[in-house]
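If you want the building blocks of each chain, they are given just below.
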Amino acid sequence: MTAPAPATTRHDKVPYRGWTTLLALGVPAAIIATTTGLAMSWRHDLPDPIAVHWGLNGPDGFGSLTTSIVWPAVAGSVVASLLWALGFFAGRQSFTRRGAAALAVWFTILLSGVSIGGLSVQRGVADARDAGSIDGVILVTFLVATAAAGIVTRLIPGDPPLPTSEPVSPTAARLKLGRGEDASWVRDVTSPGYFLAIGGVVLTVALVGLLGGQWWFALVLGVTIGLSLVAFLHWTVIVDRDGLTVRSILRRPCFRIPLNEVEMAEVVEVRPLREFGGWGIRSGMTGGRMGVVVRKGPALQVHRTGGRVFLVTVDDAATGAALLNTLAGRTRG
Amino acid sequence: MLFRIDPSGTEPLAAQLARQIRSAAARGELTPGMRLPSARDVADSLGVNLHTVLRAYQDVRDEGLIDLRRGRGAVMTSAARDVRRLREAVDHVVAVAHDLGVSPTTTLSLMKEALQ
């Protein structure tokens, strides 16, 4: 009844490269081209030199128009190209593709937006020292960039289903279950640095607010960073008939590996800095491997079809891995 | 926390779940201060009614094994440690009975007598 599994080499290819190229390379290129063109068309209305940096009391750094056009264009192109390469060559998991494209768009909008916004407040001004404040520009650019990144995340397709009928590795640990018995394993994991990180955010907001007097900006910044910290450092890990679910306490992001895509689950020791360059949702450059890494130590690692590897740092990972192997085994003839 | 259920078994599902929380505490897997997963997550995951899980949690709460607080979830109390110590004492009794070749029936009747 079961058709022979298609050659795995086909599965090992990175999916949806067109979407990745369009959103991680095409959109940033369009943004950079538009803002560069706009800046060029304004060159007769701008003072010389122009303001390129603002302090608390207005413009305090000045430079040439060329520099302020060229540098965001170059920096944006380089960063977007690197992120596109990450998504194009190592984007076997949707998170990598989404993250790469979203970050590319976010970064280029932020860079180009602040640059073009900084120029817009100087149009028709004879002396750059009289240019107005750019607080509003920064705030609006930040919000637009974040919203655009959110849209990009939605546009990039998820992973196509890649079920396997191969048996789970016989050497992998199992958990004994009775015939009629059903089981689930639920475990919360919180980063030990959680409260430290939240404290850091509160302190930053207070400092930016007190020193800069820009409470609005401080608050938006604080809420954004605070929410991402909560979302990325506190997770619920579930193994049940739906497979492995790793869900942020805010319910998003949420990763799910269905049982029919589990090749084998095991326990590994993770060193966040050495293997993933930090904490949070991390993607390895070597392709395939990604993880929810909130602390050092044991992690539940799943070898998934399509050459993908997913891991989550969690206590008692041995029980979770054994149950996952057992439940996955039940789905194979 | 690992939960197993056997829907075809004679024991009610809530009782099955409560028993597993008790024995996890006895084995030292659930220690004071640890949090049980949210009842909703457990119910969704096992495909059972939320009230079944809440019933199990209430049962072990009535035994003093967990605290149920709105917003904080189900937290193991110091009673978890007591259950663990008692379990160790029971293990000791069982080991001695085994060494002496005393039958489980005799051991059990001695225990029952001592408990009265």
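The structure reproduced in this document is the subject of the present report. (Residues numbered from 1 in each chain as written. Chains lettered and ligands numbered in written order. Predicted model: local features only at pLDDT ≥ 70, side-chain atom pairs only at ≥ 80, totals over all residues. Heavy atoms only, no water.)

### Let's talk about a nonpolar patch on the surface
Residue and element names in this part refer to chain A.
Okay, step 1: Taken together, the side chains of Tyr 16, Trp 19, Leu 22, Ile 151 and Leu 155 define a hydrophobic patch exposed on the protein surface, amounting to about 470 Å² of accessible area.
Okay, step 2: Where the nonpolar patch is concerned, the elements lending two or more residues are helix H2 (17–41) and helix H5 (135–155).
Okay, step 3: Take Leu 155: it is sitting in helix H5. (Patch = residues over 30% accessible without salt bridge, like charges linked within 9 Å, V, L, I, M, F, W, Y side chains within 5 Å. Areas by Shrake-Rupley, 256 points an atom, 1.4 Å probe, with all protein chains shown as cover. Salt bridge = Lys/Arg side-chain N within 4 Å of Asp/Glu carboxyl O. Helix = DSSP H or I, 4+ residues; strand = E, 2+ residues; numbered from the N terminus.)

### Remarks on the nonpolar core
Okay, step 1: Membership of the largest hydrophobic core comes to 33 residues, with the highest contact counts inside it found for Leu 244, Leu 300, Phe 310, Leu 323 and Leu 324 of chain A.
Okay, step 2: Per-element accounting of this core gives the leading share, seven residues, to helix H9 (residues 317–331) of chain A. (Core = buried A, V, L, I, M, F, W, Y, C linked by side-chain atoms within 4.5 Å. Buried < 20%, exposed > 50% of the residue type's maximum accessible area, 1.4 Å probe, protein only.)

### A few points about the packing of aromatic side chains
Residue and element names in this part refer to chain A.
Okay, step 1: Taken as a whole and assessed by the stated rule, the structure comprises seven aromatic pairs over all chains.
Okay, step 2: Geometrically, the ring pair formed by Phe 255 and Phe 310 is tilted, given 5.6 Å between the ring centres and 50° between the ring planes. With Phe 255 in strand E6 (residues 254–257) and Phe 310 in strand E11 (residues 308–313), this pair connects stretches of sequence that are 55 residues apart.
Okay, step 3: Here Phe 310 falls in the buried class, since its relative accessible area comes to 2%.
Okay, step 4: Here the aromatic residues Phe 95, Trp 235, Phe 255 and Phe 310 are joined through ring pairs into a cluster of three or more.
Okay, step 5: Over the ring of Phe 88 we find Arg 17; its NZ or CZ atom is 4.3 Å from the centre of that ring. (Phe/Tyr/Trp six-rings, centres within 6.5 Å; stacked < 30°, edge-to-face > 60°. Lys NZ or Arg CZ within 6 Å of the ring centre and 35° of its normal.)

### Concerning the side chain of Thr 20 of chain A
Okay, step 1: By the secondary structure assignment, Thr 20 of chain A is in helix H2.
Okay, step 2: When near neighbours in sequence (up to four residues on either side) are disregarded, Thr 20 of chain A contacts Leu 25, Trp 84, Gly 87, Phe 88, Arg 97 and Ile 156 of chain A. (Contact = heavy atoms within 4.5 Å.)

### Brief notes about the pattern of salt bridges
Okay, step 1: Taken as a whole and assessed by the stated rule, the structure comprises 21 salt bridges over all chains.
Okay, step 2: The partner of Arg 22 of chain B in a salt bridge is Glu 63 of chain B, with the nearest N and O atoms 2.8 Å apart. Of this pair, Arg 22 of chain B sits in helix H1 (residues 13–26) while Glu 63 of chain B sits in the loop between helix H3 (50–62) and strand E2 (66–69), placing them 41 residues apart in sequence.
Okay, step 3: A salt bridge links Arg 87 of chain B to Asp 91 of chain B; its shortest N-O distance comes to 3.0 Å. Remark: Asp 91 of chain B and Arg 87 of chain B occur in helix H4 (residues 79–100); sequence separation between them is four residues, near one turn of the helix.
Okay, step 4: Put simply, Arg 97, Asp 159, Glu 261, Arg 304 and Arg 308 of chain A are held in one network by salt bridges that share partners.

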